[in-house]
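Descriptive structure summary
Take a look at the letters that make up each chain.
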Amino acid sequence: MLESLLFIFLIFVGGIFLVISLIVLLIGLGKKSSKLKKIGIGIGIIPILCFGLIALYYLVILPSLHKNQMEDFSGTYVLDNSAEQIMSKKELDSQYPKLVLLSDGTYKFDGIEGVGLEKSGTWKTGGIDGMFEFDVKHGSEWAIPSGSENDAALSFDYEIDEGDWENTERIVFVKK
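For clarity, every value in this text was computed on a predicted model and none was experimentally measured.

1. Remarks on the confidence of the model for the protein chain
With 89% of its residues at a pLDDT of 70 or more, the protein chain shows a mean pLDDT of 85. When pLDDT is averaged over each element of the protein chain, helix α2 (residues 34–43) comes out on top at 95 and helix α5 (residues 89–92) at the bottom at 52.

Here it is as structure tokens:
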């Protein structure tokens, strides 16, 4: 929320000063005044700084934060015990499924019907509202992360009846 307000402020201030700078430059060119041209160029530094800060955030800072988050959340996840109440016993008879997230952006999954993940694929951080995005054949599957490093957990929507998205529960995988 604060990030959005800061960007709105930077865009607003940068836009206003860009318009002022262009007006002063045009007046300076019309009157052939080198002093007005220098003032216009000086005012033009402010929008460059405002838009430069936004570019710096999206091109340098944010990718670094996502890389750190991928390293923190990479590891082996097992199904939380609370999922026994949601899932039928036949799905859990063989063994508890594991989800392995690798820091290079790939994953391996043992598979559960009702969770839209494939046996392997790619994942990334920084999705909608901080969710993790898993690329699958039919689009994307989303997981809600919580905790960090060794206390990490991922929540997925589980379809109780296949094809019925209205009948879903949330299951949790915890990091081993």
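2. A look at the sheet that holds strand β8 (residues 168–175)
Adjacent strands of a sheet form backbone hydrogen bonds with each other and so pair up, either parallel or antiparallel. Pairing is antiparallel in the closed barrel, where eight strands are placed in the order β1-β2-β3-β4-β5-β6-β7-β8. Adjacent strand axes in the sheet meet at a mean angle of 30 degrees when their direction is disregarded. Sheet topology note: the strand β3 (residues 106–109)/strand β4 (residues 120–124) ladder contains three bridges and is antiparallel. By the bridge assignment, T106 is partnered in β4 with T122. Across the sheet, helix α3 (residues 45–73) is in contact with β1 (75–79), β2 (98–101), β4, β5 (132–136), β6 (139–146), β7 (153–159) and β8; its angle to β4 comes to roughly 130 degrees.

So, how was this worked out
Residues numbered from 1 in each chain as written. Predicted model: local features only at pLDDT ≥ 70, side-chain atom pairs only at ≥ 80, totals over all residues. Heavy atoms only, no water. pLDDT = per-residue confidence, 0-100. Helix = DSSP H or I, 4+ residues; strand = E, 2+ residues; numbered from the N terminus. Pairing = 2+ DSSP bridges. Axes fitted to C-alpha atoms, helices over the stretch in contact; angles between N-to-C directions. Contact = heavy atoms within 4.5 Å.

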